[in-house]
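Observations on the model geometry
What follows is each chain in one-letter form.
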Amino acid sequence: MDIITATIMGIMDIMGIMAIRDTATDITVIETTNEDIRGGFSSYILKFKKIKYDKQKKLMQGDDYMRSVGIVAEYNPFHNGHYFHLNQSKEVSESEVAIVAMSGNFLQRGEPAIVSKWTRTKMALLAGADIIVEIPYAFAVQKAEIFAFGSVYLLDALKCSSICFGSESGSIDPFFHTVELLKEQEEKYNQKIRFYIKQGVSYPKALALAYAELEKNKDSVDLSRPNNILGYHYISAADKLNSNMQFFTVKRNTAEHDDETIHDDQIASATSIRKLIKEEGNLNRIRPYVPESTFTEMDGYYHTYGHFHDWEDYWPYLQYRLATMGEAELNQMYDIEEGLPYRLQKAAQTAESFQSFMEMAKTKRYTWTRLQRICVHALTNTSRADIHSAGEAPGYIRLLGMSAKGREYLNKVKKDLSLPLVSTISSFPQDMLALDRKAALVYSQALKEPARKDLLSLEYAQPPIMAD
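Keep in mind it's a predicted model, so treat the numbers as computed, not measured. (Residues numbered from 1 in each chain as written. Predicted model: local features only at pLDDT ≥ 70, side-chain atom pairs only at ≥ 80, totals over all residues. Heavy atoms only, no water.)

1. Here we look at the packing of helix H11 (residues 311–324) against helix H14 (residues 354–361)
To keep it simple, the criterion reads: What counts as an axis is a line fitted to C-alpha atoms, over the stretch in contact for a helix, and the angles between N-to-C directions run from 0 to 180 degrees. To qualify as a helix, a DSSP run of H or I must reach at least 4 residues; to qualify as a strand, a run of E must reach at least 2; elements of each kind are numbered from the N terminus. For classification purposes, an angle smaller than 35 degrees is called roughly parallel, one larger than 145 roughly antiparallel, one from 65 to 115 roughly perpendicular, and anything else oblique. The contact definition used throughout considers only heavy atoms, calling two residues in contact when any of these lie within 4.5 Å. Here the term charged refers only to Asp, Glu, Lys and Arg, the term nonpolar to Ala, Val, Leu, Ile, Met, Phe, Trp, Tyr, Cys and Pro, and the term polar to all other amino acids, Gly among them.
H14 packs onto H11 with a crossing angle of 60 degrees between their chain directions and a minimal axis gap of 9 Å. Here H14 runs oblique to H11, going by the angle between their axes. Packed against H11, whose contacting residues are Trp 311, Glu 312, Trp 315, Leu 318 and Leu 322, the element H14 presents Phe 354, Gln 355 and Phe 357 at the interface. For the contact of H11 with H14, a count of residues per class yields 6 nonpolar, 1 polar and 1 charged.

Set out below in C-alpha cells:
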C-alpha cells in the first residue's frame, strides 16, 4: 500500500519531524529537512522502518514492563549526533526508557576513552538516557562480532523491547536479508574468507571480499561500511539468542564514524572532535558540536584531573611491556598471532611515539584497529586464557547510572533479570570483574597523583550515578 493512501495511525510533530504509520505494512516513515535540538541540523533526511520479522509474531519482549529501547554506544565523547540518535530512538520505538550498553575505559577500536566511563555516563544521563550499563572489557575491546554479541546479550537480559542503531544504510530490511543470506550460504562464505586470509589480506577485508562473491536475490546491506557491519552483527546476535527484540535504524548522513574532518556547523564525528581537542587544545572549539552538558562535563574533567586521555599517555608503559616480555609470553596475549610478537618488539625498540610505533607495525594483514586492540591487551596483560575464563557471554550487568525513570524501570524488571545486577564491585565476587578492575587500574596511569588515585578509587567506591 502506498504511504499516501495508508491508514494513518498518528502524526507526530517532534522537533520538526513528521511520522506517518502505515498499519497495513507496519512501516513508519519519518522525515525532516532542517531544525533540530540545537537550532538546525543540516539537511537531515531520516527514514526508519519498523520491521516485520517472523520472531516478532511472538509476544514482544517488554510488553509486561515499561517499553524500552536499547542503544549500543561509546560516547567518546557524547555529541550532537548522539543526542539526535538518542531522542529519535525513543520516538521511533515509542519507548519510555532508553537503555545504553556503553564501553568502559577502553573501546572497541582499541583506544582509551578521552574521559572516564563515569564522566561519559553523566553526559548520557544529562542528555536524556535512562540507564547506562558497562559492556565488560572481555566484550568491549573486541572485533565487531563479539562486541555486538556481548552488547545485545546485555540489552536482551535487561528486557529491552527494541534496539535502535545508526547505519550508513538507513533501511532495516536489508540487514535481515543479509542475516538470512549468510546463514543460507555459510559454508561458501567461510570458504571464501579462508581463501582471502591465505592471500594475506586483513580479516575485515576478507569478509568484505567473500561477501561480494555471494549470490544475492534480495536487497542486502553494504558490509564494507563500519556502522552497517555493527548493525548486521547486532541483528545476527539477536537471531542467535532467539530474542524477540525489534530493530530500528537511523541513517547517518553528515559525519562518518571515523571521519577526522568536520563538514557541518553542528554535526561532527567523535573522532574529529577528539582530534580538534588534541590539536588545538581549546575546549571551546568543540562547543558547537556537543550538547552544553557534554561541554560542562568535559571542562569539569579537565579541571579535576588536568588531562584528557590519549594513546600517547600509555606509550611508555606499552613500550616497557613489549621490551620486557619474552616471545612466549607475548604469544599468549589475546588475539595475537604467531610471528607478530617479533614485529611488535622490533618496532617498539626504535619508535619514539605510539603513532610512529603503529606506523611501523601496521601491515596489509594487520589493520590499525586490530593492532590497537592487541596493544590494549598487552598493556593490560590480558591473555587468551583470561578472555576464555570470562565466558562466551557477559555474566553480570554493571550499572553505571540511571535516571528516575530508569530506577522505576529497574524496580519493575529486576526480579526477572537473568544476570546479577552489580551496583558496586566491592559487594561482588572479584574474579568475575578482574578484567574490568585491571582495565581501570591501567587507565588511571595516564594521570598524575593524586588525580590517578582519585580516579581509580571510583572503580570501587562509586555507586551508580543518579540523575533526576
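2. A short note on the environment of Glu 111
Residue position: Glu 111 is located in the loop between strand E5 (97–103) and helix H2 (117–127). Along the chain, Glu 111 and His 309 lie 198 residues apart, while their C-alpha atoms are 9.5 Å from each other. Contact partners of Glu 111, with chain neighbours within four places excluded, come to Asn 105, Phe 106, Arg 274, Trp 311, Gln 372 and Val 376.

3. With respect to the side chain of Ser 167
How we decide: Within 3.5 Å is the distance limit for a polar contact, defined as a pair of N or O atoms, with the added protein rule that one can donate a hydrogen and the other accept it, and that residues adjacent in sequence qualify only through two side-chain atoms.
Secondary-structure assignment places Ser 167 in strand E7 (residues 162–167). At 2.7 Å, the side chain of Ser 167 forms a polar contact with the side chain of Thr 249. Contact partners of Ser 167, with chain neighbours within four places excluded, come to Phe 175, Asn 227, Asn 228, Thr 249, Val 250, Lys 251 and Arg 252.

4. Quick word on the nonpolar core
As a reminder of what qualifies: Nonpolar cores are built from buried Ala, Val, Leu, Ile, Met, Phe, Trp, Tyr and Cys residues. Side-chain atoms within 4.5 Å join them into one set. Burial here depends on accessible area, computed with a 1.4 Å probe over protein chains only, as a share of the maximum for the residue type. Under 20% is buried, over 50% is exposed, and the range in between is partly exposed.
In this structure, Ile 131, Tyr 234, Phe 247, Leu 318, Leu 344, Phe 357 and Tyr 409 are the most contacted members of the largest nonpolar core, which totals 137 residues. Element by element, the count of residues in this core is highest for helix H4 (residues 144–157), at 8 residues. Other than its neighbours up to four places away in sequence, Tyr 234 contacts Val 72, Phe 147, Ala 148, Val 152, Phe 165 and Phe 247. Formed by 5 residues, the second largest nonpolar core is a distinct cluster that contains Tyr 396, Val 422, Phe 428 and Leu 433.

5. Describing the packing of aromatic side chains
Our working definition: Stacked, tilted and edge-to-face are the three classes assigned to paired rings of Phe, Tyr and Trp, where Trp is represented by its six-membered ring and a pair needs centres within 6.5 Å; plane angles under 30 degrees give stacked, over 60 edge-to-face, the rest tilted. A ring is considered to have a charge above it if a Lys NZ or an Arg CZ atom is located within 6 Å of its centre and within 35 degrees of its normal.
For the structure on display, the rule yields 17 aromatic pairs. Taken together, a centroid distance of 4.6 Å and an interplanar angle of 50 degrees make the contact between Tyr 301 and Tyr 305 tilted. In this pair, Tyr 301 and Tyr 305 are both assigned in helix H10 (residues 292–305), 4 residues apart and thus about one turn of the helix distant. When sorted by exposure, Tyr 301 lands in the same class as Tyr 305, which is buried. One residue, Arg 287, lies across the ring of Phe 295, its end atom 3.9 Å from the ring centre.

6. A word on the pattern of salt bridges
For clarity, the threshold we go by: Every case where a carboxyl oxygen of Asp or Glu lies within 4 Å of a side-chain nitrogen of Lys or Arg is listed as a salt bridge.
Under the defined criterion, the tally for this structure stands at 20 salt bridges. Here Glu 459 and Arg 398 are joined by a salt bridge, their closest N and O atoms 3.1 Å apart. Separated by 61 residues along the polypeptide, Glu 459 in helix H19 (residues 451–461) and Arg 398 in strand E9 (residues 397–403) bring together distant segments of the chain. A salt bridge links Glu 408 to Lys 412, with the nearest nitrogen and oxygen atoms 3.7 Å apart. Of this pair, Glu 408 and Lys 412 both sit in helix H17 (residues 404–413), 4 residues apart, which is roughly one turn of that helix. Owing to a relative accessible area of 38%, Lys 412 belongs among the partly exposed residues under this scheme.

7. Let's talk about the pairing of E7
In plain terms, the rule: Criterion used throughout: strands pair if DSSP finds at least two bridges between them.
Most of E7 sits inside the fold, with 5 of its 6 residues counted as buried. Bridge count between strand E4 (residues 68–73) and E7: 2 bridges; the pairing is parallel. Across the sheet, Gly 70 pairs through a bridge with Ile 163, a residue of E7. Note that E7 and strand E8 (residues 246–251) share 6 bridges and pair parallel. Counterpart to Gly 166 in the pairing with E8 is Val 250.

All we've got here are geometric facts, nothing functional implied.
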